[in-house]
Amino acid sequence: SEQVSSHYKAVAAKESDDDFTRVGYLYFANQATGSYTQWPKEDACSWSTAEHTYDPRYRDWYAAGATGPKDIVIVVDVSGSMVQNGRHEMAKAATEQILDTLTWKDFVNVVLFNNYASAVYSRNLVPVTEQNRAAIKAWADRQIWQQGGTNFKVAMRKALESIRDSVADGTTAMCQKAIMFLTDGKAGFGEDDFALVKEMAIRYDIVIFSYALGDDAERTIAKRLACENRGVFYPVADGEDLKKIMAEYYNYFVQGQQICTTGFVRYTAVQGHTLYGACMPMYDRTRASHALLGVSCLDVNLIADIDKMKQQEGWEYFKCQASDNTKQCRPLDLTECHRQRLRLAYSNESVCLSSDWPGAEELGFPADASQVTQDMECACQDQNCQEDPDFTDELNYFCDTWIGDDCFNPNPVWGYSEEGLREVREKCKRSCGLCEWTKPCPRATSEECPVNPVLAECRACVGKVSGVDIGGEPMACPSDAPTATPATSTCGGLECTSAAPPGTVAFLRGFT
């Protein structure tokens, strides 16, 4: 903490204004302990209340800095049994906590179920802007969280349909997808149902996290859903902190992703200020696989007055570049070995075993949890296997949007040619999952991030992008971009003709 403190003081002395009229912060949160360091120092006693303990690891800026964009569907059992031990209140609080870890670069939907899908927030996933997050919480407050029976089938189908329709309509981060399935009950789920979920999970790159709440909750189905679909099963006893357990889902992405560029987040601080934070993770690289130490952020507000910046030529272009930096999909480099270590970190019961259900032995799971240890050696990937950041395919999509898609046999409706797919596989090896894995791992330490230069052009001006920008507006090529003729119609009718003012890209590079 002393090293962080001295570094922050040096940066603040250089960047902050003399009379401290600009509100901006430098801050770091530690992954292992949740400890927090900030400049300038202030009284944080009021940040926690009787109902809410402040933990920076569950703030949106932290999760945003530690992980890439993602699609999340939260599926919650709201049957009558959820009234026991206040489970319905725990489930609602957990749903809100998950929403608080997501930012504008992520997409989300919420499905509540009992005998049927009793309430669904939206047909498609929506970007998690501050306005949408508040709207979802308000919607959740109006729902009934403890009524009726339990039907797993309709709940999972509704979640899968939401992802399918969102992909078809382009309302997606175009990155990894996850379903978070919470239940305290029992219900039927046949082999055809498992097969459907597995097929859809492969097709749309979906990971399933399942949570069995209470001692009488059904465990076999919930665990199989997670184990068959590259996820983690969480048995949660009554009285445990469900909110904290579910909000830790992002650790799965932390373990499999390496964030090598600055991520920007627009958020409302505890003190009520609207801030633009530039965040990056810190990693322990003393082992073959990197481990997250924490996340450090510098508010743009500390360097310049945001209100004044918005009035200057180049603000829209800066916002587009900052959004591009943040919205790029990150590969999720996890083998089954890595996933078993993640499961063991929660509990022995979470480890997937060959005896968990008939047929589980075919997936190569061990017979006993004792065969899984945190020290077991997993394969590692060639860190020199990278891709061309400037490449766009024949439909004007960038390499990272291929993460989770089949680069050999994609959906034929997309219309790719064989030559186009060959070029995708050549230029986008990491996103296509074509980098070589080696076991035993030949390296003793994890290498530093490769240098990722800031592109001279905003990606919205030269290729296809999705979602919203950091300001909550649809991604589009800004009018003050240097490109005269964008490659696609993503400019939304704007004429992208004026040159970006000197220093715009250099200003952004200062955060990378």
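One can find the structure itself at the top, above this paragraph.
Along each chain, numbering runs from 1 in the same order as the chain's sequence is written. Local features in this predicted model are restricted to residues whose pLDDT is 70 or higher, and side-chain atom pairs enter the listing and the counts only when it is 80 or higher, whereas totals over whole chains, interfaces and linings include all residues. For side-chain calculations, the full set of non-hydrogen atoms in the structure is used, while hydrogens and water are omitted.

What about the layout of surface pockets?
Logical step 1: Volume-wise, the second largest pocket comes out at about 770 Å³.
Logical step 2: Along its surface, the second largest pocket is lined by 30 residues, and V167, Y204, D405, N411 and W414 are the ones closest to its centre.
Logical step 3: Counting from the N terminus, the helices are the DSSP runs of H or I reaching at least four residues and the strands are the DSSP runs of E reaching at least two. At the level of secondary structure, the elements contributing two or more residues to the lining of the second largest pocket comprise α5 (152-169) and α6 (191-204).
Logical step 4: Across the lining of the second largest pocket, the residue classes break down as 15 nonpolar, eight polar and seven charged. Cavities and pockets were defined on a 1 Å grid built from protein atoms only: a cavity is a group of points that admits a 1.4 Å probe but offers it no way out, a pocket is an open group of points flanked by protein on both sides within 12 Å along at least five of seven lines, and a lining residue is one with an atom within 4 Å of any such point. Grid points are joined across faces, edges and corners, and a volume is the space filled by probe spheres set on the points. All amino acids are sorted into three groups, where Ala, Val, Leu, Ile, Met, Phe, Trp, Tyr, Cys and Pro are nonpolar, Asp, Glu, Lys and Arg are charged, and the leftover types, Gly among them, are polar.

Looking at the pairing of strand β7 (residues 176-183)
Logical step 1: Each residue is placed in one exposure class: buried if its accessible area under a 1.4 Å probe, protein chains only, is under 20% of its type's maximum, exposed if it is over 50%, and partly exposed if it falls in between. Of all eight residues that make up β7, eight are buried, and the element is covered over most of its length.
Logical step 2: We call two strands paired when DSSP finds no fewer than two bridges between them. Bridge count for strand β3 (residues 70-77) against β7 is seven bridges, and the pairing is parallel. What sits directly across from K70, in β7, is Q176.
Logical step 3: Viewed with both strands pointing away, a crossover whose connecting path from the first strand over the helix to the second turns clockwise is right-handed. In this fold, β7 hands off to α6, which returns the chain to strand β8 (residues 206-213); that crossover is right-handed.

Digging into the nonpolar core
Logical step 1: For the purposes of this section, nonpolar cores are sets of buried Ala, Val, Leu, Ile, Met, Phe, Trp, Tyr and Cys residues that join through side-chain atoms within 4.5 Å. Core analysis: the largest hydrophobic core is formed by 62 residues, its most contacted members being W61, V108, F209, Y211 and Y249.
Logical step 2: Considering every element that reaches this core, the biggest residue donor is helix α3 (residues 87-100), with five residues.
Logical step 3: Two residues qualify as a contact provided that any one of their heavy atoms is within 4.5 Å of a heavy atom in the partner residue. With residues near it in sequence (within four places) discarded, Y249 still touches K70, I72, I98, T101, L102, M180, F209 and Y211.
Logical step 4: Judged by nonpolar contacts, the second largest core, of 29 residues, contains Y204, I206, I208 and I403.

A short note on empty space enclosed by the protein
Logical step 1: Overall, the coordinates contain four cavities of 30 Å³ or more when judged by the stated rule.
Logical step 2: For the largest cavity, the calculated volume is near 120 Å³.
Logical step 3: Looking at the largest cavity, it is lined by 14 residues, and the ones nearest its centre are A173, M174, K327, R459 and S466.
Logical step 4: Looking at the lining of the largest cavity residue by residue, the class counts come to six nonpolar, two polar and six charged.

Considering α5
Logical step 1: The terminal C-alpha atoms of α5 lie 26 Å apart, and with 18 residues this matches the ideal 26 Å at 1.5 Å per residue to within 8%.
Logical step 2: Those residues of α5 not exposed but buried are F152, A155, M156, A159, L160, S162, I163, D165 and S166.
Logical step 3: Packed against the buried residues of α5 are β3, β4 (107-113), β7, α6, β8 and α7 (220-227).
Logical step 4: One side-chain oxygen of the residue at the start of α5 lies 3.0 Å from the amide nitrogen of K153, identifying that residue as N151.
Logical step 5: Note on α5: the residue one or two positions beyond its end, G170, has a positive phi of about 80°. In a helix, the anticipated span is given by 1.5 Å times the number of residues less one. For this analysis, a polar contact is any N or O atom pair within 3.5 Å, provided that within protein one partner can donate a hydrogen and the other can accept it, and provided that sequence-adjacent residues contribute only side-chain to side-chain pairs.

A look at the environment of R164
Logical step 1: By secondary structure assignment, the location of R164 is in helix α5.
Logical step 2: Assessed through its relative accessible area of 35%, R164 is described here as partly exposed.
Logical step 3: The spacing of R164 and R203 is 39 residues in sequence and 9.4 Å in space, taken between C-alpha atoms.
Logical step 4: Once residues within four sequence positions are removed from consideration, R164 is found in contact with M200 and Y204.
Logical step 5: Within polar-contact distance, the side chain of R164 engages the side chain of D165 at 3.0 Å.

Section: the sheet that holds strand β1 (residues 26-30)
Note: strands within a sheet are paired through backbone hydrogen bonds, in either parallel or antiparallel orientation.
Logical step 1: Across the sheet, which stays open at both edges, the five strands sit in the order β2-β1-β12-β11-β10 with antiparallel pairing between neighbours. Taken across any chain shown, the strands that pair with only one partner, and hence form the sheet edges, are β2 (36-39) and β10 (263-268). The average angle at which neighbouring strand axes cross in this sheet is 25°, direction not considered.
Logical step 2: Of the pairings in the sheet, the one linking strand β11 (residues 274-284) to strand β12 (residues 291-299) comprises eight bridges and is antiparallel in character. Paired with A278 across the strands is L298, a residue of β12.
Logical step 3: Packed onto the sheet, helix α12 (residues 315-327) meets β10 and β11 and runs at close to 110° relative to β10. To get an axis, a line is fitted to the C-alpha atoms, and for a helix only the part in contact is used. The angle between two axes follows their N-to-C directions and goes from 0 to 180 degrees.

Remarks on the state of the cysteines
Logical step 1: Note that a disulfide, as used here, is simply two cysteine sulfur atoms within 2.5 Å. Here the structure, examined in full by the defined rule, presents 11 disulfides.
Logical step 2: Paired through a disulfide, C175 and C329 show a sulfur-sulfur distance of 1.8 Å. Of note, the bridge from C175 to C329 carries an S-S torsion of about -80° and is left-handed in sense. One end of the pair, C175, is in the loop between α5 and β7; the other, C329, is in the loop between α12 and α13 (336-346), with 154 residues separating them in the sequence.
Logical step 3: With relative accessibility at 7%, the residue C329 sits in the buried group.
Logical step 4: Across a sulfur-sulfur distance of 2.0 Å, C407 and C432 are joined as a disulfide pair. An S-S torsion of about -90° defines the bridge between C407 and C432 as left-handed. Here C407, found in the loop between β13 (380-381) and α14 (418-427), pairs with C432, found in the loop between α14 and β14 (437-438); they are 25 residues apart in sequence, far enough to count as distant. Of the two residues examined, C407 and C432, each falls in the buried class.

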